[in-house]
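Spelled out, the chains give:
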Amino acid sequence: LAIFLMLALAVLYRNNGGGTNDAFETTPFCSADGTCHEKPTKPSPRTIYSAKSKEQYDLWWNAHAILNQTAQEFASRLESAREERKTTTTGNKRPLILLGDSITESWIGTNMQLEVPRTKGIYPEVLQQTFLEPKYNLDVLVAAIGGDQTQHLLYRLEHGQLLPQYGDDPESIFVVLIGTNNLGAGELPVPTTEGIVAVVQYLLDHTSSDSHILLLKLLPRQDNHRLVNICPPRCDSKGKPFSSFQPAIQKVNQALEELYSPDDNDDGHQRVTLADCGQIFVKEGDDGMVNEGLMPDLLHPNTEGMKLLGHCILAALADNGLDLSAA
């Protein structure tokens with residue numbers, strides 16, 4: 001009887017959100033009335049709203065600390081190279097900083113700094129076949145955490161992952177791919193777009209006026225089973241989950257096109273190039289369906305997909321007249 005009562009109390013405790021893990025698991029990012037509890041434009045670490053468990057919450061802070069250390073090492077490497085250049089004819093490598101979420105973190109073969117099967121073969125092989133090819137003169141920093149939204153990237157930039165050694169370098173190139181997890185958490189396209197713009201503006205305000213920002217449009221995704229997790233509040237007129245993420249992604253990408261048009265004469269926007277690498281991952285003539293051969297889980301590019309993404313990024317930078325060649 002005592003054991004039965006203990007088990008009953010444990011179940012009751014769990015069902016009422018007792019325990020740290022349960023509180024994380026049962027606290028939605030957006031309430032049923034549509035209120036989302038983190039703002040895409042306001043820097044924030046992961047919270048009880050955006051971490052799916054206490055374990056994930058702790059993993060995020062650990063990943064953040066590791067990235068801060070990596071950023072320090074990257075900055076030190078750049079400083080050492082500049083000192084060496086004073087006494088040799090060796091040219092400096094151009095800093096390439098890749099900012100984003102799990103797709104960008106794939107470049108280093110991890111998710112939240114943990115090795116995962118889907119990234120096998122990407123690091124270091126694909127990195128060496130793209131950005132680290134000998135013909136390119138690039139030094140790469142990957143500052144990304146799986147699951148991050150715009151507000152989380154803003155927080156990381158403010159707290160250790162944008163350092164003056166590369167932030168103030170006029171040769172630096174920043175590649176930004178962020179925002180799909182805002183939509184995946186239930187955020188609407190307009191606030192998501194505002195969050196992406198906030199990231200770009202932060203970089204414009206805190207980096208050299210001669211550095212460059214390559215903003216990638218959101219990639220297509222077809223992991224539509226996740227839509228049930230955000231209904232409510234994101235339901236159709238019949239109260240059912242939407243059938244696809246694609247309409248929301250298209251709205252965000254269209255808004256980014258309007259904001260970062262090549263014809264925009266704004267001085268800041270001249271430093272921003274918008275690139276579309278999404279078509280790589282869509283089947284030809286199949287009504288916009290994601291190519292499972294490149295995105296097996298319909299969200300993350302595999303080895304071949306990352307290789308194509310890397311080449312798309314390099315082509316976009318070259319098309320913008322940026323010199324990436326080795327001296």
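In short, a report on the structure. (Residues numbered from 1 in each chain as written. Predicted model: local features only at pLDDT ≥ 70, side-chain atom pairs only at ≥ 80, totals over all residues. Heavy atoms only, no water.)

1. Digging into the pairing of strand E4 (residues 138-144)
What counts is decided by this rule: The buried label applies to any residue whose accessible area, calculated with a 1.4 Å probe on protein chains only, is under 20% of its type's maximum; exposed applies above 50%, and partly exposed to all values in between. By definition, any uninterrupted DSSP run of H or I lasting at least four residues is a helix, any uninterrupted run of E lasting at least two residues is a strand, and each is numbered from the N terminus. Two strands qualify as a pair provided DSSP detects at least 2 bridges between them.
Of all seven residues in E4, seven are buried; the element is thus mostly enclosed. The alternating pattern of E4 places Leu 138, Val 140, Val 142 and Ala 144 on one face and Asp 139, Leu 141 and Ala 143 on the opposite face, and all of these are buried. Looking at chain direction, strand E1 (residues 94-100) and E4 are connected through seven bridges and run parallel. Each bridged residue has a counterpart across the sheet, and for Ile 97 the counterpart in E4 is Leu 141.

2. A closer look at the side chain of His 212
How we decide: Here, residues are in contact when the closest pair of their heavy atoms is within 4.5 Å.
Its place among the elements puts His 212 in strand E6 (residues 212-216). For His 212, a relative accessible area of 6% corresponds to the buried category. Aside from chain neighbours lying at most four places away, what touches His 212 is Ser 172, Ile 173, Phe 174, Gln 270, Arg 271, Val 272, Thr 273, Asn 320 and Leu 322.

3. So, the packing of aromatic side chains
Basically, it comes down to this: Centres within 6.5 Å make a pair out of two Phe, Tyr or Trp rings, where for Trp the six-membered ring is used; the pair is then stacked when the planes are under 30 degrees apart, edge-to-face when over 60, and tilted otherwise.
Counted according to the given criterion, the structure contains seven aromatic pairs. Ring geometry for Phe 24 versus Tyr 57: centroids 5.3 Å apart, planes at 45°, classification tilted. Highlighted residues: Phe 24 in helix H2 (residues 20-26) and Tyr 57 in helix H3 (residues 54-85), separated in sequence by 33 residues. Between Tyr 57 and Trp 61 the ring centres are 6.4 Å apart and the planes differ by 75°, which places this aromatic pair in the edge-to-face class.

4. Regarding the pairing of E1
A large share of E1 lies buried, amounting to seven of its seven residues. Of the two faces of E1, both are covered, the one formed by Arg 94, Leu 96, Leu 98 and Gly 100 as well as the one formed by Pro 95, Ile 97 and Leu 99. Of the pairings in the sheet, the one linking E1 to strand E5 (residues 173-177) comprises five bridges and is parallel in character. In the strand pairing of E5, Gly 100 is matched with Leu 177.

5. Observations regarding the nonpolar core
Threshold: What is meant by a nonpolar core is a set of buried Ala, Val, Leu, Ile, Met, Phe, Trp, Tyr and Cys residues, joined one to another through side-chain atoms within 4.5 Å.
Grouped together as the largest cluster of nonpolar side chains are 37 residues, with contacts concentrated most on Leu 99, Tyr 166 and Leu 203. Elements represented by at least two residues in this core include exactly H3, E1, E4, helix H6 (150-161), E5, helix H9 (189-206), E6 and helix H10 (246-259). Residue contributions to this core peak at seven residues, all from H9. Apart from the residues within four sequence positions on either side, Leu 203 is in contact with Leu 99, Leu 157, Leu 162, Phe 174, Val 176, Ile 213 and Arg 271.

6. Let's talk about the side chain of Ser 50
Applied cut-off: Throughout this description, a polar contact denotes any pair of N or O atoms lying within 3.5 Å of each other; where both atoms belong to protein, one of them has to be capable of donating a hydrogen while the other can accept it, and for residues adjacent in sequence the pair is counted only when both atoms sit in side chains.
Structurally, Ser 50 can be placed in the loop between H2 and H3. Judged by relative accessible area, which is 10%, Ser 50 ranks as buried. A distance of 2.6 Å separates a polar atom in the side chain of Ser 50 from a polar atom in the side chain of Glu 38. When residues no more than four places from it in sequence are discounted, the contact partners of Ser 50 are Phe 29, Glu 38, Pro 45, Gln 56, Gln 149 and His 152.

7. Remarks on the pattern of salt bridges
What counts here: Salt bridge, as applied in this entry: a Lys or Arg side-chain nitrogen positioned within 4 Å of an Asp or Glu carboxyl oxygen.
Evaluated as defined, the whole model comprises eleven salt bridges. When the shortest N-O distance is used, the salt bridge between Lys 54 and Asp 58 registers 2.9 Å. Here Lys 54 pairs with Asp 58, and both are found in helix H3, just four residues apart, close to one helical turn. The partner of Asp 148 in a salt bridge is Arg 156, and the shortest N-O contact between them spans 2.8 Å. For the pair formed by Asp 148 and Arg 156, the shared burial category is buried. It is possible to trace a salt-bridge network through shared partners that takes in Arg 46, Asp 148 and Arg 156.

8. Let's talk about helix H11 (residues 303-319)
Each turn of an α-helix holds 3.6 residues, which means side chains three or four residues apart point in the same direction. Just so we agree on the cut-off: In this analysis, the expected span of each helix is defined as 1.5 Å times one less than the number of residues it contains.
With 17 residues, H11 extends 24 Å from end C-alpha to end C-alpha; this agrees with the ideal 24 Å at 1.5 Å per step. Those residues of H11 that fall on the buried side of the exposure criterion are Gly 305, Met 306, Leu 309, Gly 310, Cys 312, Ile 313, Leu 314, Ala 316 and Leu 317. Regarding H11, its N-cap is Asn 302, as a side-chain oxygen of that residue lies 3.3 Å from the backbone nitrogen of Glu 304 further along. Of the residues one or two after H11, Gly 321 is the one with positive phi, at around 85°.

9. Examining the state of the cysteines
In plain terms, the rule: The term disulfide is used for any two cysteine sulfur atoms that are within 2.5 Å.
As enumerated under the stated definition, the model contains three disulfides in all. Two residues share a disulfide in this structure: Cys 30 and Cys 36, whose sulfurs sit 2.0 Å from each other. Linking Cys 30 and Cys 36, the disulfide has an S-S dihedral of approximately 95° and is accordingly described as right-handed. The buried category is assigned to Cys 30, whose relative accessible area is 5%. Note that Cys 231 is cross-linked by a disulfide to Cys 235, the S-S spacing being 2.0 Å. Sign of the S-S torsion, about 115° for the bond between Cys 231 and Cys 235, identifies this disulfide as right-handed. Disulfide connectivity for the protein, with bonded cysteines indexed by sequence position, reads 1-2, 3-4, 5-6.

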